[in-house]
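Each chain, letter by letter, is given below.
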Amino acid sequence: MVALDGPSGTGKTTVARKLAERLSAGYLDTGAMYRVITLAVLRAGVDVTDADAVTAVARDAVFTIGTTPVRPSVTLAGEDVAAEIRGPEVNHAVSPVSAVPGVRELLVARQRRIIGEVLAEVGGVVVEGRDIGTVVAPDSPLKIFLTASAEIRAARRSAQDTAAGRESTHADALASVDRRDRLDSSRSASPLRAAEDAVHLDTSELDIDQVLVALSELASRRGLLDCAAEATR
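Residues numbered from 1 in each chain as written. Predicted model: local features only at pLDDT ≥ 70, side-chain atom pairs only at ≥ 80, totals over all residues. Heavy atoms only, no water.

Turning our attention to unusual backbone geometry. Non-glycine residue serine 24 carries a positive phi angle of around 55°. Within the secondary structure, serine 24 is located in the loop between α1 (12-22) and β2 (26-29). Notably, alanine 77 is not glycine yet its phi reads approximately 55°, a positive angle. With respect to the helices, strands and loops of the structure, alanine 77 is situated in the loop between β4 (74-76) and β5 (79-80). Take alanine 77: its relative accessible area is 66%, and that puts it in the exposed class. (Helix = DSSP H or I, 4+ residues; strand = E, 2+ residues; numbered from the N terminus. Buried < 20%, exposed > 50% of the residue type's maximum accessible area, 1.4 Å probe, protein only.)

On to helix α9 (residues 208-221). Its 14 residues place the ends of α9 20 Å apart at the C-alpha level, agreeing with the 20 Å of an ideal helix rising 1.5 Å per residue. What α9 keeps buried is the set Val211, Leu212, Ala214, Leu215, Ser216, Leu218 and Ala219. Just downstream of α9 lies glycine 223, where phi reads positive at about 80°. (Expected span 1.5 Å × (residues − 1).)

As a further point, take the packing of helix α2 (residues 30-44) against helix α4 (residues 88-98). Interhelical geometry of α2 versus α4 gives an angle of 105° and a closest axis separation of 9 Å. By the angle between their axes, α2 is roughly perpendicular relative to α4. Where α2 approaches α4, its residues Tyr34, Arg35, Ile37, Thr38, Leu39 and Leu42 are matched on the opposing element by Glu89, Val90, Asn91, Ala93, Val94, Val97 and Ser98. Residues that form the contact of α2 with α4 fall into these classes: eight nonpolar, three polar and two charged. (Axes fitted to C-alpha atoms, helices over the stretch in contact; angles between N-to-C directions. Parallel < 35°, antiparallel > 145°, perpendicular 65-115°, else oblique. Contact = heavy atoms within 4.5 Å. Nonpolar A, V, L, I, M, F, W, Y, C, P; charged D, E, K, R; others polar.)

Under the feature "binding site: ATP" (unreviewed entry), the UniProt entry names Gly6, Pro7, Ser8, Gly9, Thr10, Gly11, Lys12, Thr13 and Thr14. Of note, glycine 11 is situated in the loop between β1 (2-5) and α1. Along the chain, the position of threonine 13 falls in helix α1. The class of threonine 13 is partly exposed, set by a relative accessible area of 30%. Those residues in contact with threonine 13, other than ones at most four positions away along the chain, are Tyr27, Asp29 and Glu128. (UniProt positions renumbered as here; feature names shortened; annotations may be inferred.)

Spelled out as structure tokens, the structure:
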């Protein structure tokens, strides 16, 4: 198992999926789980500051998260919402929803079940999020914390939004990154932070291929590439 943490805009999702492919492993995007719950809360018309109501929506939400790295799916009540959970409304509301302790308790329990199922089925999994190495899977043999400057992350986010057909400016993206960092790092439940034994990797000056090479080398040193090869025999 590889635990991959860090703030948005570090290239975390792309490299996590590519690393999972290279390791012949499953892939779990825990951030997508918080986003789909946020979408359910917005659709229910619930105040995101009402912790009890938000937790109730999370408890009743029927959703699925795919664990295939090539094309991970996200559904809510049977509807494909992979694109909608990346929209501006969810972007704005996901931090307060994610900060609700009841939501985190529910989703961490589900994340651990999914991890166990994927490990049993394919023998490996790359899990990305903000509290994987500290809370969800503190016993992971490889914990990585990706970082990058706020300016670089904002530029990446703006380019990503534009490519997806969403209106975006660098100033708006930078404000969103700063806000998300502040909220995620200051919440009382599972704040964004690196595990004490995590390997830090600054991606500010690295492209995706360079990050993937660095992560693959780390996995190789921990013997995880050998484990992946054994699992596919």
